[in-house]
Structure formats: structure tokens, C-alpha cells
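In case you want the letters, here they are:
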Amino acid sequence: MPSYTSNNTHLPWLYDITVEDGNWILTSAFMIFTMQTGFGMLESGCVSIKNEVNIMMKNVVDIVLGGLSYWMFGFGMSFGRSSFNSGFIALGDFFIDPPIGDPLKGPIFAAFIFQLSFATTATTIVSGAMAERCNFKAYCVFSFLNTAIYCIPAGWLWGEHGFLKQMGAVDIAGSGAVHLLGGSSALASAMMLGPRLGRYDNGQGPLPLGNPVNAVMGLFVLWWGWLAFNSGSTYGLSGAKWHYAAQAAVTTMMSTFGGGTISIIFTMVRLGGRIDALDIINGILGSLVAITAGCFLYQGWEALIVGAIGALLVCGSMPLIDKMKIDDPVGASAVHGIGGIWGVIAVGIFAQNPYPLKTTSGRSGVLKGGGWHLLGIQSLAALCITTWGICSSIILLWFINKLIPIRMDVHEELLGADITEHLVRHSQVGVSRALSAFRAVLDTTKAENLNSVGMNPGHDKHLNMVKTLASRKNLRLSKILKIVSRNQNLGVKMSKNLITRWKKPKKMQEKQTGVNLAWVQ
């Protein structure tokens with residue numbers, strides 16, 4: 001492990017972090033972690049019910065394994081301090097753990113937890129595009145190694161060594177480093193896996209959502225987390241930072257107003273006056289992705305335009321991706337990929353110089369009289385990140401596929417990942433018929449003996465007892481429930497006794513069943 005010296009050559013911005021700034025950074029990081037809940041709810045709501053547990057487990061893995069690899073080598077590849085750094089990658093501060101006495105211990109830990117929340121978000125974006133047909137074990141390997149795919153371009157834009165950073169590229173909160181990278185990786189992953197079985201058998205229209213309410217609730221949670229995503233990227237509140245943190249919150253909301261309005265109009269035109277939930281969800285998310293790169297560089301009306309254009313591009317590109325038969329169940333390629341490209345380029349058009357901060361190195365966008373320089377750099381950044389995300393993801397998945405097949409077996413995909421990967425059986429989703437079809441070629445005993453989600457295991461044992469008690473005249477429901485609650489430990493034996501021996505004398509019934517029936521009459 002390298003020594004932690006007070007070398008301000010590589011991370012000079014850490015010296016500007018005060019105690020109040022650290023409090024803001026940590027609080028923002030904690031809020032950003034709630035976005036994992038939002039992504040999980042959104043993705044589980046978009047897939048079929050028989051895969052909703054699987055997609056939630058992938059979100060868990062993104063934090064656990066992705067977080068482990070980020071601590072081991074991810075942070076060091078983006079922000080490491082060593083003489084071996086180059087414009088492409090940083091090398092240093094691996095297994096990060098600054099010792100007592102390091103003047104940057106607090107700022108480094110605060111920066112680590114904040115950047116960790118960004119890194120796990122980038123991987124979670126990809127999980128949605130791989131939903132319903134990706135082998136869970138292969139995905140675990142992908143989640144662990146995808147950290148490297150994310151951290152290298154993050155260093156290009158945010159590390160002092162990065163060649164894009166040195167050229168003056170601007171990406172405040174990650175339209176490029178997080179979302180465009182995640183969206184391009186999602187596109188490559190969807191292409192590598194191929195479409196779900198039967199996805200385009202009946203045309204290119206979207207499949208019905210498994211749980212639309214969950215998907216909308218996920219949008220609200222992401223909306224909440226995005227405020228911390230953008231406002232927290234000022235890295236503090238000291239000096240003029242708090243002015244721009246507040247501005248970032250306002251422009252973030254303004255962009256969603258524009259994006260949401262355009263999404264409503266788009267879906268009503270497309271469906272003849274009706275509104276599709278997924279159009280609204282992805283349109284608003286597209287506007288959030290678009291505003292992220294320059295969140296405190298815009299005025300309110302500019303944020304409205306940036307969000308509106310972002311939503312329009314996202315909603316318009318989703319059908320085009322389906323026409324190419326690239327199956328992306330949640331629309332991650334469009335939302336984060338197309339929205340991310342526009343977000344990075346928009347900085348070169350609308351950005352103002354946020355004096356006294358040095359975010360844009362004193363430059364402004366085309367519409368603010370800054371010329372074409374910033375727009376050219378932003379376009380180059382978008383091209384570099386997109387190319388890196390697609391190519392590196394294809395290589396990584398190709399390598400993993402040599403170890404573990406990345407595509408689920410046919411029978412596993414038909415049954416759903418919940419029952420085949422996690423032993424969770426849903427009722428009324430066609431699983432029973434699928435099990436019957438596979439019984440001739442597979443051992444389905446374990447799956448058939450699983451309790452269905454939504455059922456109460458063991459309660460069916462008391463049904464006959466309750467039915468028998470209910471047949472008695474003048475027996476109130478409260479008394480039936482009292483008998484059941486007092487004697488639920490008797491289980492099936494009690495049910496059988498009550499059924500077969502009800503007509504025997506009362507004393508004999510009490511002796512054989514253990515129930516005091518004196519008050520039942």
C-alpha cells in the first residue's frame with residue numbers, strides 16, 4: 001500500500017474541504033445511496049413478476065461486490081496519488097485507508113464514500129438492460145469488474161491526471177462519467193445478451209410492466225436522490241459553494257418540469273390522447289440525466305430547455321432502439337446513453353462561468369459568448385466515453401462468458417430467475433404450467449415444493465378446522481379466530497381431530513383436541 005503523503009499535486013481540491021463541507025458531502029452521499037432503492041423499484045416494476053426478486057438482488061450485488069472492488073482498486077484508478085499517474089489512468093491509494101496523522105484523512109474518506117455512491121450507480125444502470133435473461137452468477141463477476149470500466153473515464157473527467165480534465169472538459173455530477181458510461185455499457189450488454197425469448201414475436205411494442213406502481217415509486221425515490229447527486233457535487237457549502245448548491249437544486253427541478261411536460265405531450269400524441277407510464281418515467285429521468293453535467297451552470301429557463309430536449313430525445317430514441325431489436329427492458333440505453341450525450345454537449349452551449357469557482361476554467365458556452373472551444377471539448381468527451389463504454393463492456397462480457405455463460409438457459413428464462421436462481425416461487429404467473437412442461441426432462445421436485453410468494457406458509461393447514469368451526473350455529477367469527485390463535489401449534493393434527501370427532505361428547509373432544517369447548521355453544 002502506498003504511503004499517504006500530503007502531496008497536493010494530485011488532489012489539490014481536497015485541501016479546500018472544511019468541516020462544514022465534509023458534513024455536506026457525507027450527507028449527500030447517504031442520500032445518493034437511496035437511489036439504489038429507486039433503481040431497484042423502477043427496474044423490478046418494469047420486468048415481469050417472475051424476475052422482480054432477481055433484479056433487486058442485482059442491486060444488492062452492485063453495492064456489495066461493486067463497493068468491494070471500488071475500495072480495492074476503483075478509487076485509486078480514478079484519484080490515486082502516485083508518480084505513476086498518466087493521462088489515461090491513476091495508480092495509487094489502493095485498498096484506501098489513510099493512517100492517523102494524514103492531514104487529508106477526513107477529506108479522503110468523505111470523497112471516497114461520495115464517489116462510491118456514484119460508482120455503484122453506474123453499474124446499477126447496466127443491470128436493468130440485462131434483466132430477465134442474464135445469468136446471476138455471471139452478473140456477480142460483471143458487477144465486481146465493472147468498477148474498472150467506470151473508474152477509468154471518471155478519472156479522465158474528475159482526476160487531476162485525466163486528459164479530458166486537463167483539456168477543460170466539464171461534467172459536474174456525471175452526465176458523462178456516470179450516466180453516459182452506464183448507458184453505453186447497457187447498450188453493449190443488451191446487444192451481447194440478445195433479446196428475451198419471444199420479445200419481438202408480436203411486434204416491437206413495449207411489453208406490459210410487471211408492476212407499474214413500483215416503477216413510478218422508483219421514479220420518486222430517484223428524483224429525491226438526484227437532488228443530492230447534483231447539489232452535493234459542489235463538494236461543500238463554504239464560501240460561494242452554497243450559492244451554487246442551491247442553484248443546482250433549483251435547476252434540477254426546473255429540468256424535470258420541462259422534461260415532464262414534453263413527456264406528457266409526446267405520449268399523448270403517440271397514443272392518441274392516452275398516457276403511457278413508461279414514457280413519463282423515462283422522459284423525466286432523461287431530463288435529470290441531461291441537467292447533471294452542468295447543473296449549476298444554467299439559469300432556470302435554460303435548465304427548462306435542457307430538460308425538455310433531453311426528455312424528447314429519450315422518448316424518441318426508445319422505439320428506434322427496439323426497431324434495431326436491441327432489447328432493453330427498462331430503457332437504460334436511451335435514458336442514460338442518449339440523455340448523457342445531450343447532457344455533456346449542452347454544457348458547451350449554455351454554460352456560464354460560475355465565478356469564483358473554477359469549474360469551467362473561466363470558459364463559457366457558445367450562447368454565452370465563449371466561442372466553440374468548450375463545445376468542441378464536450379463533444380470529444382462524449383465520443384471518448386461512449387466508445388470506451390461500448391468497447392470495454394463487450395470485451396469484459398466476452399471474457400466472463402468464457403468462464404460462466406452470461407445468458408440463462410432456456411428453461412431458466414422461461415421459468416424466471418426468481419425460482420431458478422433464488423428459490424422464490426410466484427403464484428399466478430404461469431410457473432406451474434412451465435414446470436409441468438419441463439418435468440419430463442428436468443428434476444422439478446424442489447421447485448414444485450416451494451411456497452409461492454404472497455401465500456402464508458402453514459395457514460392452509462387450518463382451513464379445514466376453520467371451515468368446521470364456522471359450520472356450528474351461533475359461533476361468532478371472533479370465537480373461531482380465538483380457537484385458531486390459541487391452538488395454532490397443534491397444526492394438522494388439531495384440524496383432523498376437529499373434523500373427524502366433532503360429533504363425539506364434549507368431554508371426549510376436549511380430551512382429544514386439547515380445546516376447551518365450554519364456551520363455544
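Since the structure is predicted, the reported quantities are computational estimates derived from the model, not experimental observations. (Residues numbered from 1 in each chain as written. Predicted model: local features only at pLDDT ≥ 70, side-chain atom pairs only at ≥ 80, totals over all residues. Heavy atoms only, no water.)

Caption draft 1: Representation of the overall build of the protein chain in the model. Within the protein chain, the secondary structure is distributed over 21 helices and two strands. Across the 521 residues of the protein chain, 53% fall into the buried class. Long-range pairs, those at least 24 residues apart, make up 75% of the contacts in the protein chain between residues at least 6 apart in sequence. (Helix = DSSP H or I, 4+ residues; strand = E, 2+ residues; numbered from the N terminus. Buried < 20%, exposed > 50% of the residue type's maximum accessible area, 1.4 Å probe, protein only. Contact = heavy atoms within 4.5 Å.)

Caption draft 2: Structural context of the side chain of Asn230. Residue position: Asn230 is located in helix H8 (residues 212–231). Among all residues touching Asn230, those that are not within four sequence positions of it are Ala173, Ala248, Thr252, Ile291, Thr292 and Cys295.

Caption draft 3: Up close: the layout of surface pockets. The space that makes up the second largest pocket amounts to roughly 780 Å³. Where the lining of the second largest pocket is concerned, the elements lending two or more residues are helix H9 (241–270), helix H10 (277–292), helix H11 (300–323) and helix H14 (410–415). Considering every element that reaches the lining of the second largest pocket, the biggest residue donor is H11, with five residues. Across the lining of the second largest pocket, the residue classes tally to 20 nonpolar, six polar and 11 charged. (1 Å grid on protein atoms, 1.4 Å probe; cavity = no way out; pocket = protein on both sides within 12 Å on 5 of 7 lines; lining within 4 Å. Points joined across faces, edges and corners; volume = space filled by probe spheres on them. Nonpolar A, V, L, I, M, F, W, Y, C, P; charged D, E, K, R; others polar.)

Caption draft 4: Focus on empty space enclosed by the protein. In this structure the tally under the stated criterion is one cavity of 30 Å³ or more. Here the largest cavity is characterised by a volume of approximately 70 Å³. Lining the largest cavity are Phe39, Leu42, Glu43, Ile125, Asn282, Leu285, Val330, Ala332, Val335 and His336. Secondary structure elements with two or more residues in the lining of the largest cavity: helix H2 (35–46), H10 and helix H12 (332–350). Taken together, the residues of the lining of the largest cavity sort by class into seven nonpolar, two polar and one charged.

Caption draft 5: Main features of unusual backbone geometry. Along the chain, Tyr355 connects to Pro356 via a cis peptide bond; the corresponding omega equals 5°. As for its position among the elements, Pro356 is in the loop between H12 and helix H13 (373–403). One non-glycine residue, Phe95, adopts positive backbone phi at about 45°. In this fold, Phe95 is placed in the loop between helix H3 (52–79) and helix H4 (105–129). The phi dihedral of Tyr235 is positive, around 55°, even though this residue is not glycine.

Caption draft 6: Highlighting the side chain of Arg196. Along the polypeptide, Arg196 turns up in the loop between helix H7 (175–193) and H8. Relative accessible area serves as the criterion here: at 10%, Arg196 is assigned to the buried category. Within the local environment of Arg196, its side chain forms a polar contact with the side chain of Glu132, the two groups lying 2.5 Å apart. Within the structure, the side chain of Arg196 is placed 2.7 Å from the side chain of Asp327, a separation counted as a polar contact. In this view, Arg196 contacts Ala131, Glu132, Arg133, Leu207, Asp327, Pro329, Arg407 and Glu413; residues no more than four positions away in its chain are not counted. (Polar contact = N/O pair within 3.5 Å; in protein donor to acceptor, adjacent residues only side chain to side chain.)

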